[in-house]
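Given next are the chains, with one letter for each unit.
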Amino acid sequence: MNSMKVLHIVKTAVGAAWAYHQVRVLCSLGIKVVVALPSVTEGLAPRYRQAGATVIPVNMDFGVQHLWRVPGALAASRRLVREVAPDLVHLHHVGTTLATRIALGKSSPIPRIFQVPGPLHLEHSVFAGLDTRLAGPQDYWIATCRWTYQKYLDLGIPSERVFLSYAGTDIKPFTGIRKGHLRNELGISSEVPLVGMVAYIYAPVWFLGQRQGLKGHEDFMMALRLARQTLPGLRGVIIGGPWGNAAWYESRLRDLGAEICNGSLTFVGARADVPVIYPDLDLAVVPSHSENCGGAVEPLLSGVPVVATNVGGLPDLVQDGKTGWLVSPRNPEALARAMLDALQNREEARRRTSEGQKLAEHLFDVERVGREIAGVYEKVLTRSTRSN
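Given the structure is predicted, the values throughout are model-derived calculations rather than measurements.

S.K.: Sorry, what's going on with the state of the cysteines here?
M.R.: Here is the idea: a disulfide is a covalent bond, and it sits between the sulfur atoms of two cysteines. Applying the stated rule across the entire model yields zero disulfides. This cysteine, C145, is not joined by any disulfide, and C293 carries the nearest cysteine sulfur, 5.7 Å off.

Here it is, written out as C-alpha cells:
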C-alpha cells in the first residue's frame, strides 16, 4: 500500500469536507495522495497539505451555463494525469468525473473511481446515461447510499464494479452537550421548543425542471406554520447560507418565511460552529427533495431527533419507528405531523435518537470508512493488474 499513488480530483476547496476527511485517513495509512483543487490557499487546501497530501491547483469545474470551459477542463485533466502519473484516479463530483472520462478516453489503463456524492444526477435519465455511457472497462463506482448502489445495478453496471461506502466524517466534534449559545442568540429559554433545518441554500436548477431548491426549505416553513397551530410557542431556525450564486434565492426564502411564519422563524446564515449549536435543537428536520444521507448524520451524532423525507440515502440512516421519523417528500402536512409526534413524545424521541446515534457513529466514522476505501483501492488495482 505504501507505494500506491492516488490522485483525488475535487471541484471545490471550500466544500466537500468528506473528501478532506477521507484523504486525511488515507494519508495516515501510508497512501501517497495528490489532491487537485481550484486553489492551494483557500478553504480546506491548507488542511489537505497538513494531512500529508500534495495539493495541485487545477480548476476542472464547469456548469451547463459555462460549457465554453469544457475544452480547458479536458486539457487540464489530461495534463494533470500525465504529470502526476497516478496508479488510480479518485473522483468526487459529476462534472469533473465526466470531464476526466472524456479527456482520458474509455481505453485509459488507469483505473478511475467515481465516489458518487448524491443521487441527483441519477434521477435524470440524460445525466445517468452520460455517466454510464462515458465509462470504460477501468471505471468503478463507490455508491454512498443503498439507493445509488441499486440504481447503478439497474443501469446495467456489473456488481463487481460498484461498491457501497458511506461518506465519512469526523465524529469527534459532535458531543451532544447543550451549551445554549444558539438559544441565547435567539433570545429563547431552554423550555421553548425549537426545531431547526441545517442546510446550504441551493437555488432551483432550471435544466433539471426545479421550481424550488432541492433541500425543501419551503416545505419546512409550511410545516412549521402548520405545527404551530397545535404548539403556538414553537420556534424554528434555518442554519446555512447560499451556495454559489443563490443569494437571490435566499432573499426570496427569507421573504417567504417572514410572510408565512409570523415571526416564529429565524435565518442565522452560514455557521462554523454547527457541532456546538446542534444540541440546542429539540428536533432537526431534513425535508430534502433529493439527498444522500445528508443532513441526518450530524443531528443524530449530536443526539438530536430527526424527521426526514423518504428520498435517496436518508432511509439508510433514518429508519421510521426505529431511528427517527420518515415521511414522503414535498408534503408539509406529513412533516408537521411527524414534528408534533417527535416533540410531544419526548421519551420515544430519545429512544429513536439513541438508536440513530449508534448507527450514525458506525456508518459515518471516517476512520473506519477510510480503511474501507483503502480496501476498495486494493481490489480495483488487483483487478486492473489481472485485466492487463
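Here the narrative resumes.
S.K.: I would appreciate a short explanation of the pattern of salt bridges in the present structure.
M.R.: Side chains that differ in sign of charge can pair as their charged atoms come close. As enumerated under the stated definition, the model contains 19 salt bridges in all. One salt bridge connects D131 with R101, and the closest N-O pair in it is separated by 2.8 Å. Of this pair, D131 sits in helix α5 (residues 125-133) while R101 is found in helix α4 (residues 94-104), placing the two residues 30 residues apart along the sequence. Residue classification places D131 among the buried positions, given a relative accessible area of 1%. One connected set of salt bridges, linked through shared partners, spans R178, R183, D280, D282 and R346.

S.K.: Would you take a moment to explain the packing of helix α8 (residues 217-227) against helix α9 (residues 247-261) for this structure?
M.R.: The relative placement of two packed helices comes down to the angle between their axes together with the axis-to-axis distance. Viewed as axis vectors pointing N to C, α8 and α9 meet at an angle of 10°, and their least axial separation amounts to 10 Å. Taken together, the axes of α8 and α9 are roughly parallel relative to one another. Counted together, H217, E218, M221, M222, L224 and R225 of α8 and Y249, R252, L253, L256, G257, I260 and C261 of α9 form the full contact between these two elements. Partitioning the contact of α8 with α9 into residue classes produces eight nonpolar, two polar and three charged.

S.K.: What's the story with the pairing of strand β1 (residues 5-9) in this structure? I'm lost.
M.R.: A regular strand places its side chains on the two faces of the sheet in alternate fashion. Most of β1 is tucked away: four of the five residues are buried. Across five bridges, β1 lies against strand β2 (residues 32-37) in parallel orientation. From the neighbouring strand, K5 faces β2, where its bridge partner is K32. Note on the crossover from β1 through helix α1 (residues 17-28) to β2: the handedness is right-handed. Of the pairings in the sheet, the one linking β1 to strand β4 (residues 88-91) comprises four bridges and is parallel in character. Bridge pairing in β4 links I9 to L91.

S.K.: How should the pairing of strand β3 (residues 54-57) be read in this particular structure?
M.R.: By the bridge criterion, four bridges tie β2 to β3 in an arrangement that is parallel. Among the inter-strand pairings, A36 is bridged to a residue of β3, identified as I56.

S.K.: Even after reading the chapter, I still don't get α4, so can you show me in this structure?
M.R.: Counting along an α-helix, one turn takes 3.6 residues, and residues three or four places apart therefore face a common direction. All buried positions along α4 are accounted for by T96, T97, L98, A99, T100, R101 and A103. In the stretch just after α4, G105 is the one whose phi turns positive, near 85°.

S.K.: Honestly, the layout of surface pockets in this entry has me stumped. Any pointers?
M.R.: Over the atoms a probe the size of a water molecule is rolled, and this reveals where empty space is left. Its volume calculated, the second largest pocket comes out at about 280 Å³. In terms of lining, the second largest pocket is formed by 14 residues, of which the most central are R178, L281, D282, G303 and P305. No other element matches helix α14 (residues 346-363), which puts four residues into the lining of the second largest pocket. Across the lining of the second largest pocket, the residue classes break down as six nonpolar, four polar and four charged.

S.K.: I tried to follow the sheet that holds β4 on my own but got confused; where do I start?
M.R.: Hydrogen bonding along the main chain pairs the strands of a sheet, whether they run parallel or antiparallel. The strand order across the open sheet built from seven strands is β3-β2-β1-β4-β5-β6-β7, with neighbouring strands paired in parallel fashion. Where the open sheet ends on each side, the last strands, each with one partner, are β3 and β7 (162-164). Sheet twist, expressed as the average angle between the axes of neighbouring strands with direction ignored, equals 20°. Here α1 sits on the sheet and contacts β1, β2, β4 and β5 (112-115); the angle it forms with β2, its principal contact strand, is near 155°. With respect to the sheet, α4 is in contact with β1, β4, β5 and β6 (139-143), its orientation differing from that of β5 by roughly 165°.

S.K.: For this particular structure, what's the right way to read α9?
M.R.: With 15 residues, α9 ought to run about 21 Å at 1.5 Å a step, and its terminal C-alpha atoms sit 21 Å apart, in line with that. Residues of α9 that are buried include every one of Y249, E250, L253, G257, I260 and C261, and no others. An end-on view of α9 places all buried positions within 105° of arc, on one side of the element. Turned more than 90 degrees off the buried face of α9, the exposed positions are D255, A258 and E259. Those residues of α9 that are buried are in contact with α8 and β10 (265-269). Positive phi appears at N262, one or two residues downstream of α9, with a value of about 55°.

What counts as what
Residues numbered from 1 in each chain as written. Predicted model: local features only at pLDDT ≥ 70, side-chain atom pairs only at ≥ 80, totals over all residues. Heavy atoms only, no water. Disulfide = S-S within 2.5 Å. Salt bridge = Lys/Arg side-chain N within 4 Å of Asp/Glu carboxyl O. Helix = DSSP H or I, 4+ residues; strand = E, 2+ residues; numbered from the N terminus. Buried < 20%, exposed > 50% of the residue type's maximum accessible area, 1.4 Å probe, protein only. Axes fitted to C-alpha atoms, helices over the stretch in contact; angles between N-to-C directions. Parallel < 35°, antiparallel > 145°, perpendicular 65-115°, else oblique. Contact = heavy atoms within 4.5 Å. Nonpolar A, V, L, I, M, F, W, Y, C, P; charged D, E, K, R; others polar. Pairing = 2+ DSSP bridges. Right-handed = clockwise from strand over helix to strand, strands pointing away. 1 Å grid on protein atoms, 1.4 Å probe; cavity = no way out; pocket = protein on both sides within 12 Å on 5 of 7 lines; lining within 4 Å. Points joined across faces, edges and corners; volume = space filled by probe spheres on them. Expected span 1.5 Å × (residues − 1). Arc of directions from axis to C-beta.

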